[in-house]
Amino acid sequence: LEQLSDKESQIHALNRKQSRIERHYQTLIKKMALKALDQAQLRDVTSKAEADADWKSKCEQTKKTINILAEENTQLAIKSKRLEEEEKRYKDGPTMTGDVKE
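Residues numbered from 1 in each chain as written. Predicted model: local features only at pLDDT ≥ 70, side-chain atom pairs only at ≥ 80, totals over all residues. Heavy atoms only, no water.

## Description of the overall build of the protein chain
- If you tally the helices and strands in the protein chain, you get 1 helix and 0 strands.
- Relative to the 2.2 N^0.38 estimate, which gives 13 Å for 102 residues, the radius of gyration of the protein chain is 43 Å and therefore markedly larger than a compact globule would have.
- Taken across its 102 residues, the protein chain has 1% of its residues classed as buried.
- Counting every atom, the protein chain has about 10,000 Å² of accessible surface; 57% of that belongs to carbon and sulfur.
- Across the protein chain, the mean location of the 21 positive side-chain charges is 8 Å away from that of the 19 negative side-chain charges. (Helix = DSSP H or I, 4+ residues; strand = E, 2+ residues; numbered from the N terminus. Rg over C-alpha atoms; globule rule 2.2 N^0.38 Å. Buried < 20%, exposed > 50% of the residue type's maximum accessible area, 1.4 Å probe, protein only. Areas by Shrake-Rupley, 256 points an atom, 1.4 Å probe, with all protein chains shown as cover. Lys, Arg positive; Asp, Glu negative; His and termini not counted. Charge placed at Lys NZ, Arg CZ, Asp CG, Glu CD.)

## Here we look at a positive patch on the surface
- Taken together, the side chains of Arg16, Lys17, Arg20 and Arg23 present a region of like positive charge at the surface.
- You can see Arg23 is positioned in helix H1 (residues 2-92). (Patch = residues over 30% accessible without salt bridge, like charges linked within 9 Å, V, L, I, M, F, W, Y side chains within 5 Å. Salt bridge = Lys/Arg side-chain N within 4 Å of Asp/Glu carboxyl O.)

## Details of H1
- The end-to-end C-alpha distance of H1, which contains 91 residues, comes to 133 Å, matching closely the 135 Å that a straight helix rising 1.5 Å per residue would cover.
- Following H1 by one or two positions, Gly93 has its phi on the positive side, about 75 degrees. (Expected span 1.5 Å × (residues − 1).)

## Section: the pattern of salt bridges
- Per the stated rule, a full pass over the model turns up 5 salt bridges.
- One salt bridge connects Lys88 with Asp92, and the closest N-O pair in it is separated by 3.5 Å. A residue pair is termed a helical-turn pair when its members lie 3 or 4 positions apart in one helix, as Lys88 and Asp92 do in helix H1 at 4 residues.
- For Lys88, a relative accessible area of 55% translates into the label exposed.
- Overall, the relative accessible area of 35% leaves Asp92 in the partly exposed class.

## Considerations on the environment of Gln3
- Among the secondary structure elements, Gln3 is positioned in helix H1.
- Since its relative accessible area comes to 66%, Gln3 is described here as exposed.
- As a C-alpha pair, Gln3 and Leu83 span 80 residues in sequence and 118 Å in three-dimensional space.

## Topic: a nonpolar patch on the surface
- Residues Ile21, Tyr25, Leu28 and Ile29 make up a contiguous nonpolar surface patch of about 390 Å² in total accessible area.
- Inspection of the secondary structure puts Ile21 in helix H1.
- Classification of Ile21 as partly exposed rests on a relative accessible area of 40%.

Now the structure itself:
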């Protein structure tokens, strides 16, 4: 009878130990799942940050291109105005003093 009681005590002790181990593994599994989720979120945030940086870079390059084209357009407008003035002077011919109109 005493041996039976001893065996029951051992069984209860083993059951408690098994329960502690199972809880420990469940905790580890939860931690691993949370870590994987954190890593996935970090990758997502990193990916978005890289995409934002790439987009910002493209926007800056586009702004530079627009500024270059605007400057070229201004220079072409100045040249066009000069050509129009020269054409007008040519059509008008010399002034009464013989000078080309300014």
